[in-house]
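# Fold and geometry: a report
As a plain string of letters, each chain reads:
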Amino acid sequence: MTHQVRAVVARGKGAPVSLETIIVPDPGPGEALVKIEACGVCHTDLHYREGGINDDFPFLLGHEAAGVVESVGEGVTDVAPGDFVILNWRAVCGRCRACRRGRPWYCFDTHNAEQKMTLASTGQELSPALGIGAFAEKTLVAAGQCTKVDRAASAAAAGLLGCGVMAGIGAAINTGNVGRGDSVAVIGCGGVGDAAVVGSRLAGAAKIIAVDIDDRKLATARKLGATHTVNSRQSDPVEAIRELTGGFGADVVIEAVGRPETYRQAFYARDLAGTVVLVGVPTPEMKLELPLLDVFGRGGTLKSSWYGDCLPSRDFPMLIDLYLQGRLDLDAFVTETIGLDEVEKAFDRMHGGEVLRSVVVL
Ligand code: APR
Ligand code: ZN
Ligand code: ZN
């Protein structure tokens, strides 16, 4: 059997997205068909539409999603029809060296659904963005991309854990290993940086210094738990962070911009024994030059964070529990809820800097 549903498709490089009818097959072995309830709009969706990731058009966009499993294919035992799930980018294999050594976020044998969704009008195969494609009434994923969480959570909030918010919280609690009493500096307070602020607060950080070039972003970061803010257009953030930490630098510095100057600031703003967490993604041509004596002379740790180094089966249910207990305000990240036909408008608003997340609710 197949399912005809409405979905947001990017047909070609730079062209506005359109609402199309797509055909979704029933799940094959190891797959699950998910009825989508909510899906956040992420910068990466826009990158796909602009052709910044690859040219496998047409794309089915959307990847920060939660929904209900409608049916499962042969051999699927971890999720069942009726389960409320958050989707993740890739199902890890559980058997490779990285998985066996407890670092599944480095898994080198990840997979997505094998059966193809197609455009009803032309029969063309769709490339689901990040292997999900959830700006759709239904989508097909590998069963391992589904993590069951408590049904009491709102779908709009839950879906956000599938990408940017998990990346930020995970940068603090998993990669940075922020601990009780630590001082943390977060450079760049968009959705990811703000989530790092929230994660640092969850972990018991005593000082959370938010750095951005935009005062509106700093105001939001403060609402979410930043104890200090620094506008790096007005003062040198490295100096400011040192001053706020008794001259030492922060125990953990989280870079959530992805530019050479902010990588440099992160490098110098940490305590000599501190940790730098790089979660901002640079572009291929970006370079950073550092005096080797500074690299040698400053101890501590430099780490990049992939998808918040998360383990969905461990982290998604745990964070949803904290959310339901009122200890993690995921709703604060949902600036507006929109319909499937408003994704293009949400892309425009993204540039304005006022939206943390627009979330499509179905
Ligand atoms: N110094 C400090 N902050 C800066 C600077 C700078 N030089 N340049 C930009 N910023 C701020 C912006 O004002 C904005 O608040 O960084 C923030 C970036 O936020 P978003 O554009 O909303 O991006 P976000 O979704 O948070 O992702 C940030 O993390 O996972 C990666 O790919 C993602 O590289 C991206 C980064
Ligand atoms: Zn994303
Ligand atoms: Zn693996």
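Residues numbered from 1 in each chain as written. Chains lettered and ligands numbered in written order. Predicted model: local features only at pLDDT ≥ 70, side-chain atom pairs only at ≥ 80, totals over all residues. Heavy atoms only, no water.

What counts, and what does not: UniProt positions are given in the numbering used here, feature names are shortened, and annotations may be inferred rather than shown by experiment.
Identification of the protein chain as S-(Hydroxymethyl)mycothiol dehydrogenase from Streptomyces asoensis is taken from an unreviewed UniProt entry. UniProt, in its Cofactor (unreviewed entry) section for the protein chain, records the words "Zn(2+)".

### Examining the coordination of the zinc ion (ligand 3)
What counts here: Each metal site is built from N, O and S donor atoms within 2.8 Å (3.2 Å for Na, K and Ca), and since water is not included, such sites may look incomplete. The rule is simple: four donors are tetrahedral if all their angles sit between 85 and 135 degrees, four are square planar and six octahedral if opposite donors span more than 155 degrees and the others lie between 65 and 115, and anything that fits none of that is irregular. Numbered from the N terminus, helices here are DSSP runs of H or I no shorter than four residues, and strands are runs of E no shorter than two. The buried label applies to any residue whose accessible area, calculated with a 1.4 Å probe on protein chains only, is under 20% of its type's maximum; exposed applies above 50%, and partly exposed to all values in between.
For the zinc ion (ligand 3), the full set of protein donor atoms is Cys93 (SG), Cys96 (SG), Cys99 (SG) and Cys107 (SG), at a range of 2.3 to 2.4 Å. Here the zinc ion (ligand 3) is ringed by 4 donor atoms whose angles at the metal span 106 to 115°, and the overall shape comes out tetrahedral. Written as a sequence motif, the donor arrangement for the zinc ion (ligand 3) is C-x2-C-x2-C-x7-C. One end of the pair, Cys96, is in the loop between strand 6 (84-87) and helix 2 (97-100); the other, Cys107, is in the loop between helix 2 and strand 7 (118-119), and 11 residues separate them in sequence. Per residue, the accessibility class of Cys96 equals that of Cys107, and both read buried.

### A few points about a positive patch on the surface
Definition in use: Patches draw on residues past 30% relative accessible area with no salt bridge. Two like charges within 9 Å are joined, as are two nonpolar side chains (Val, Leu, Ile, Met, Phe, Trp, Tyr) within 5 Å. To be clear on the numbers: accessible area is Shrake-Rupley with a 1.4 Å probe, and residue cover counts the displayed protein chains and nothing else. Salt-bridge detection follows one rule: a side-chain nitrogen of Lys or Arg within 4 Å of a carboxyl oxygen of Asp or Glu. Charge assignment in this entry is limited to Lys and Arg as positive and Asp and Glu as negative, and neither His nor the chain termini are counted. Charge positions are represented by NZ for Lys, CZ for Arg, CG for Asp and CD for Glu.
Taken together, the side chains of Arg97, Arg100, Arg101 and Arg103 make up a positively charged region of the molecular surface. Here Arg101 shows up in the loop between helix 2 and strand 7.

### Things to note about empty space enclosed by the protein
Here is the rule we go by: Using protein atoms alone on a 1 Å grid, points that fit a 1.4 Å probe yet trap it form a cavity, whereas open point sets bounded by protein on both sides within 12 Å along at least five of seven lines form a pocket; residues with an atom within 4 Å of a point count as lining. Grid points are joined across faces, edges and corners, and a volume is the space filled by probe spheres set on the points. Classification convention: Asp, Glu, Lys, Arg as charged; Ala, Val, Leu, Ile, Met, Phe, Trp, Tyr, Cys, Pro as nonpolar; all other residues, Gly among them, as polar.
Summed over all chains, the structure comprises 1 cavity of 30 Å³ or more. Volume-wise, the largest cavity comes out at about 30 Å³. Every residue along the wall of the largest cavity is listed here: Gly164, Val165, Gly191, Phe333, Leu356 and Arg357. Broken down by class, the residue content of the lining of the largest cavity amounts to 3 nonpolar, 2 polar and 1 charged.

### Concerning the nonpolar core
The following threshold applies: Each nonpolar core is a collection of buried residues, namely Ala, Val, Leu, Ile, Met, Phe, Trp, Tyr and Cys, held together in the definition by side-chain atoms within 4.5 Å. Domain segmentation is taken from an automatic or database assignment of domains. We call two residues contacting when some pair of their heavy atoms lies within 4.5 Å.
Core analysis: the largest hydrophobic core is formed by 69 residues, its most contacted members being Leu61, Leu87 and Phe135. Residue assignment places this core across two domains, with domain 1 (2-162 + 329-361) and domain 2 (171-306) each supplying three or more. Residue contacts for Leu61: discarding those within four places in its chain leaves Val8, Ala10, Val17, Asp45, Tyr48, Ala129, Gly133, Ala134, Phe135 and Phe347. Within the second largest apolar cluster, 20 residues are counted, among which are Ile208, Leu218, Ala226 and Val252.

### Quick word on the sheet that holds strand 16 (residues 301-304)
Here is the rule: A pair of strands is considered paired only if DSSP assigns at least 2 bridges between the two. Angles shown run from 0 to 180 degrees and are taken between the N-to-C directions of axes, each axis being a line fitted to C-alpha atoms and, for helices, limited to the stretch in contact.
With parallel pairing, the 6 strands of this open sheet are ordered in space as 13-12-11-14-15-16. In the strand order of this sheet, the two ends are held by strand 13 (228-231) and strand 16, each with one partner. Strand-to-strand twist across the sheet, computed as the mean angle between neighbouring axes with direction ignored, equals 15°. Where helix 7 (residues 237-244) meets the sheet, it contacts strand 11 (183-187), strand 12 (207-212), strand 13 and strand 14 (250-255), and its direction lies at approximately 165° from that of strand 12.

### Points about the pairing of strand 16
Rules: Seen with the strands pointing away from the viewer, any crossover whose path from the first strand over the helix to the second strand runs clockwise is right-handed.
As defined by bridge partners, strand 15 (residues 270-278) adjoins strand 16 across 4 bridges and the pair is classed as parallel. Its bridge partner being in strand 16, Val277 is matched across the sheet by Lys303. This β-α-β element, strand 15 to helix 9 (residues 292-297) to strand 16, shows right-handed connectivity.

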